[in-house]
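An overview of the molecular structure
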Amino acid sequence: MSLITVIGRGHSGTRIMSHTLYASGVYMGDALNPSGDLVPPWHLYDACRVFARYVHWQGGLSWDFSEALNTEIPERFTSLLYRYLKSVLSNRSEHRGWKIPETTLIYPWVARLFPETKFIFWVRNPRDGILSQHKTDDLRDFGIRYPDTTDERHRRAISWKYQDDLVRATPRPSHWLEVRYEDFVLHQERELARLESYLGMKLARIVVRPERMNRFEKDKETNYFDFLGSAMRAYGYEVPIPKAG
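Residues numbered from 1 in each chain as written. Predicted model: local features only at pLDDT ≥ 70, side-chain atom pairs only at ≥ 80, totals over all residues. Heavy atoms only, no water.

Examining the overall build of the protein chain
Quick note on the threshold: Per the convention used, a helix needs a DSSP run of H or I reaching at least four residues, while a strand needs a run of E reaching at least two, with both numbered from the N terminus. We take the radius of gyration over the C-alpha atoms and set the globule estimate at 2.2 Å times the residue count to the 0.38 power. The classification of residues rests on relative accessible area computed with a 1.4 Å probe and restricted to protein chains. Under 20% of the type maximum is buried, over 50% is exposed, and intermediate values are partly exposed. Only four residue types enter the tally: Lys and Arg on the positive side, Asp and Glu on the negative side; His and the chain ends are excluded. Charged groups are reduced to one reference atom each: NZ for lysine, CZ for arginine, CG for aspartic acid, CD for glutamic acid.
In terms of helices and strands, the protein chain carries 11 helices and six strands. Taken over C-alpha atoms, the radius of gyration comes to 18 Å for the protein chain, in line with the 18 Å a tight globule of 245 residues would show. Reported as C-alpha extents along the three principal axes, the dimensions of the protein chain are approximately 60 × 40 × 30 Å. Counting only residues that meet the buried cut, the protein chain has 57% of its 245 residues in that class. Across the protein chain, the mean location of the 35 positive side-chain charges is 2 Å away from that of the 31 negative side-chain charges.

Shown next as structure tokens:
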């Protein structure tokens, strides 16, 4: 039996992957919301807050993950995660998994507790990702400190950077595949072939909507911050050219 999870910040398009897995016969838990998240999420949220105690804010946009990456995982965390995943872990289907964006906030410990899990890391241009509200916008809800700001877009961009920094700081698990939302939408067959090879199973084809891409191009508010530039380049996204003057 294989265990699959999809990670990536909220509004990165992870619901596409969850719906694809569900349509392909992967057992994704007893109860799913319209986004394909395993619910209720409360035990997972509390697990995120336990993890946060081991992350140390260095000021600005810098966090020290070393204690979280090296400490013994607390029993309280393990208990909460197992309670959240009860329906998935108790199921005997050949392919099982779950999706909820907040899994990204505890990714290092999930990888250590379930080393054979097949991770699908879902990436989307953050300029699109910060246009809409998500539960993880305010990281303080999960115990993570960050610079004060009253700008909602700025807060979302900080959340995007924090989660990307955490993923980059964590040693790669044995099974890992990165998929860009834009590539999946524009080249679904190609990306599904990669996923099928990785997962060792045939996947269903679901409807994808290209018009949902690059919504930031019609957006009139701020949707880019300089601190996103490095990661955007690494993922192959175009970084805005600073305006003269």
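Details of the packing of helix α2 (residues 42–52) against helix α4 (residues 75–84)
Put simply, the test is: What counts as an axis is a line fitted to C-alpha atoms, over the stretch in contact for a helix, and the angles between N-to-C directions run from 0 to 180 degrees. The cut-offs work like this: below 35 degrees is roughly parallel, past 145 is roughly antiparallel, 65 to 115 is roughly perpendicular, and the gaps in between are oblique. Crossing handedness is defined as follows: a turn of the near helix away from the far one that is anticlockwise and smaller than a right angle gives a left-handed crossing, while the clockwise case is right-handed. Note on contacts: a residue pair is in contact if any heavy atoms of the two residues lie within 4.5 Å. Here the term charged refers only to Asp, Glu, Lys and Arg, the term nonpolar to Ala, Val, Leu, Ile, Met, Phe, Trp, Tyr, Cys and Pro, and the term polar to all other amino acids, Gly among them.
Orientation of α2 relative to α4, taken along the N-to-C sense of each, is 160 degrees, at an axis distance of 8 Å. The angle between α2 and α4 falls in the class roughly antiparallel. Seen along the crossing, α2 lies across α4 with a hand that is left-handed. For the pair α2 and α4, contact is made by His43, Leu44, Asp46, Ala47, Val50 and Phe51 and by Arg76, Phe77, Leu80, Leu81, Arg83 and Tyr84, respectively. Residue composition of the contact of α2 with α4, grouped by class: eight nonpolar, one polar and three charged.

A word on the side chain of Thr20
Considering the arrangement of structural elements, one finds Thr20 in helix α1 (residues 14–23). Judged by its relative accessible area of 0%, Thr20 is buried.

What about the pattern of salt bridges?
Short version of the rule: For this document, the term salt bridge refers to a Lys or Arg side-chain nitrogen within 4 Å of an Asp or Glu carboxyl oxygen.
If you walk through the whole model with that rule in mind, you get 17 salt bridges. For Asp164, the salt bridge goes to Arg168, with nearest N and O atoms at 2.6 Å. Taken together, the positions of Asp164 and Arg168, both in helix α8 (residues 152–169) and four residues apart, correspond to about one turn of that helix. Classification of Asp164 by relative accessible area gives buried; the value is 5%. Arg190 is the partner of Glu191 in a salt bridge, and the nearest nitrogen-oxygen pair spans 2.9 Å. For Glu191, a relative accessible area of 2% puts it in the buried group.

Notes on the packing of aromatic side chains
Let me state the cut-off plainly: In this analysis, rings of Phe, Tyr and Trp, with Trp reduced to its six-membered ring, are considered paired at centre separations within 6.5 Å, and the interplanar angle assigns stacked below 30 degrees, edge-to-face beyond 60, and tilted for intermediate values. Put simply, a charge is over a ring when the Lys NZ or the Arg CZ is close to the ring centre, within 6 Å, and near the line of the ring normal, within 35 degrees.
Counted under the stated rule, the structure contains 16 aromatic pairs. Ring centres 6.4 Å apart and planes at 40 degrees place the aromatic pair Phe119 and Trp176 in the tilted group. With Phe119 in strand β5 (residues 118–123) and Trp176 in strand β6 (residues 176–180), the pair connects residues that are 57 residues apart, well separated along the chain. Classification of Phe119 as buried rests on a relative accessible area of 0%. Site record: aromatic cluster; members linked through ring pairs are Tyr107, Phe119, Phe121, Trp160, Trp176 and Tyr235. Over the aromatic face of Tyr181 sits the side chain of Arg124, whose NZ or CZ is 4.1 Å from the ring centroid.

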